[in-house]
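Remarks on the overall topology
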Amino acid sequence: MKRIEPRSGVAFTMRRGATLTVCDPQGQQVSDLVAYNADDVREVISNGRTFDYEETIHLGWGNRLWSNRSNPMLTITNDTAQCHDFLLTPCSEQTFRHFYPDKPVHRGCYGNLVDALEPHGIGPDDIPTAFNIFMNVPVDGESGLLAVKPPKSKAGDEIQLRAEMDLIIGLTACSAYDSNGGSFKPIDFSVSEVV
């Protein structure tokens with residue numbers, strides 16, 4: 001396993017058929033994931049297409065994550081946490097100014113993704129809504145109000161996602177206070193070789 005240090009991010013490529021494992025080694029830590037077609041980065045992960053085709057906002061084992069061009073990008077093949085979010089955008093400097101005016105401003109997952117993805121030719125305006133692994137965002141079915149609660153993930157919980165095309169992945173250890181129960185911890189990940 002490789003480690004993403006607290007409040008940082010990485011980017012890497014994955015071949016079709018490879019499996020990405022994302023692990024929460026200490027518990028209650030969110031990881032933002034974005035994905036791009038390695039052959040054309042204008043094709044990008046889409047929460048709207050995913051909700052449409054999977055017919056749920058509660059994504060987990062067996063669900064696929066779809067692109068803006070209606071192609072499956074990733075399939076969830078294992079999931080011990082069973083609680084993730086695909087509604088909220090990556091935290092940013094503006095997030096901290098809005099929600100945490102009494103806390104130091106941090107560039108957040110958005111800034112970390114911008115830096116990590118820049119060598120792959122992906123710019124700031126190309127960062128979509130992330131698949132927020134381990135994030136706990138309950139939605140009230142009557143009012144539509146949502147909340148950001150501490151993750152339910154325990155130490156060692158993991159999710160595995162199989163690449164359905166050659167991909168560029170951006171992955172973070174989230175930087176927002178509420179998303180992670182008030183503290184910041186690492187995220188571990190690995191990518192299997194295609195046999």
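Residues numbered from 1 in each chain as written. Predicted model: local features only at pLDDT ≥ 70, side-chain atom pairs only at ≥ 80, totals over all residues. Heavy atoms only, no water.

What to know about the sheet that holds strand β9 (residues 157-163)
Strand order in the open sheet formed by six strands is β1-β11-β3-β9-β7-β6, and the pairing between neighbours is antiparallel. Both outer strands of the open sheet, β1 (2-4) and β6 (64-66), are each paired with one neighbouring strand and no more. Strand-to-strand twist of the sheet, defined as the mean angle between neighbouring strand axes without regard to direction, takes the value 25°. The pairing of β6 with strand β7 (residues 72-79) spans three bridges and is antiparallel. Each bridged residue has a counterpart across the sheet, and for R64 the counterpart in β7 is T75. (Pairing = 2+ DSSP bridges. Helix = DSSP H or I, 4+ residues; strand = E, 2+ residues; numbered from the N terminus. Axes fitted to C-alpha atoms, helices over the stretch in contact; angles between N-to-C directions.)

Some words on the pattern of salt bridges
Considering all chains together, one arrives at eight salt bridges under this definition. Linking R3 and D188 is a salt bridge whose minimum nitrogen-to-oxygen distance equals 2.7 Å. Of this pair, R3 sits in strand β1 while D188 sits in strand β11 (residues 187-191), and the two are 185 residues apart along the sequence. On the basis of relative accessible area, R3 is assigned to the partly exposed category, the value being 43%. Judged by relative accessible area, which is 10%, D188 ranks as buried. Its salt-bridge partner being R97, residue E93 comes within 3.7 Å of it at the nearest N-O pair. Here E93 pairs with R97, and both are found in helix α2 (residues 93-99), just four residues apart, close to one helical turn. Residue classification places E93 among the partly exposed positions, given a relative accessible area of 35%. (Salt bridge = Lys/Arg side-chain N within 4 Å of Asp/Glu carboxyl O. Buried < 20%, exposed > 50% of the residue type's maximum accessible area, 1.4 Å probe, protein only.)

Some words on the pairing of strand β5 (residues 40-44)
The pairing of strand β4 (residues 31-37) with β5 spans two bridges and is antiparallel. Along β5, the bridge assignment pairs N37 with D40. A loop of two residues connects β4 with β5, the two strands running antiparallel in sequence.

Let's talk about the side chain of T50
Mapped onto the secondary structure, T50 falls in helix α1 (residues 47-54). What makes T50 buried here is its relative accessible area of 0%. Among the polar contacts listed, one links the side chain of T50 to the backbone nitrogen of W66, at a separation of 2.9 Å. Setting aside residues up to four positions removed in sequence, T50 forms contacts with E55, L59, R64, L65, W66 and F86. (Polar contact = N/O pair within 3.5 Å; in protein donor to acceptor, adjacent residues only side chain to side chain. Contact = heavy atoms within 4.5 Å.)

Some details on the packing of aromatic side chains
In this structure the tally under the stated criterion is nine aromatic pairs. Between the aromatic rings of F51 and F86, the centroid separation amounts to 5.9 Å while the plane-to-plane angle is 75°, which identifies the pairing as edge-to-face. Of this pair, F51 sits in helix α1 while F86 is found in the loop between β7 and α2, placing the two residues 35 residues apart along the sequence. Here the aromatic rings of F96 and Y177 are separated by 6.1 Å at their centres, their planes lie at 75°, and the arrangement is edge-to-face. In this pair, F96 sits in helix α2 while Y177 sits in the loop between β10 (167-172) and β11, placing the two residues 81 residues apart along the sequence. Classification of F96 by relative accessible area gives buried; the value is 0%. With a relative accessible area of 15%, Y177 lands in the buried category. The ring of Y177 is capped by R7, whose NZ or CZ atom sits 5.5 Å from the centre of that ring. The ring of F184 is capped by R7, whose NZ or CZ atom sits 4.0 Å from the centre of that ring. (Phe/Tyr/Trp six-rings, centres within 6.5 Å; stacked < 30°, edge-to-face > 60°. Lys NZ or Arg CZ within 6 Å of the ring centre and 35° of its normal.)

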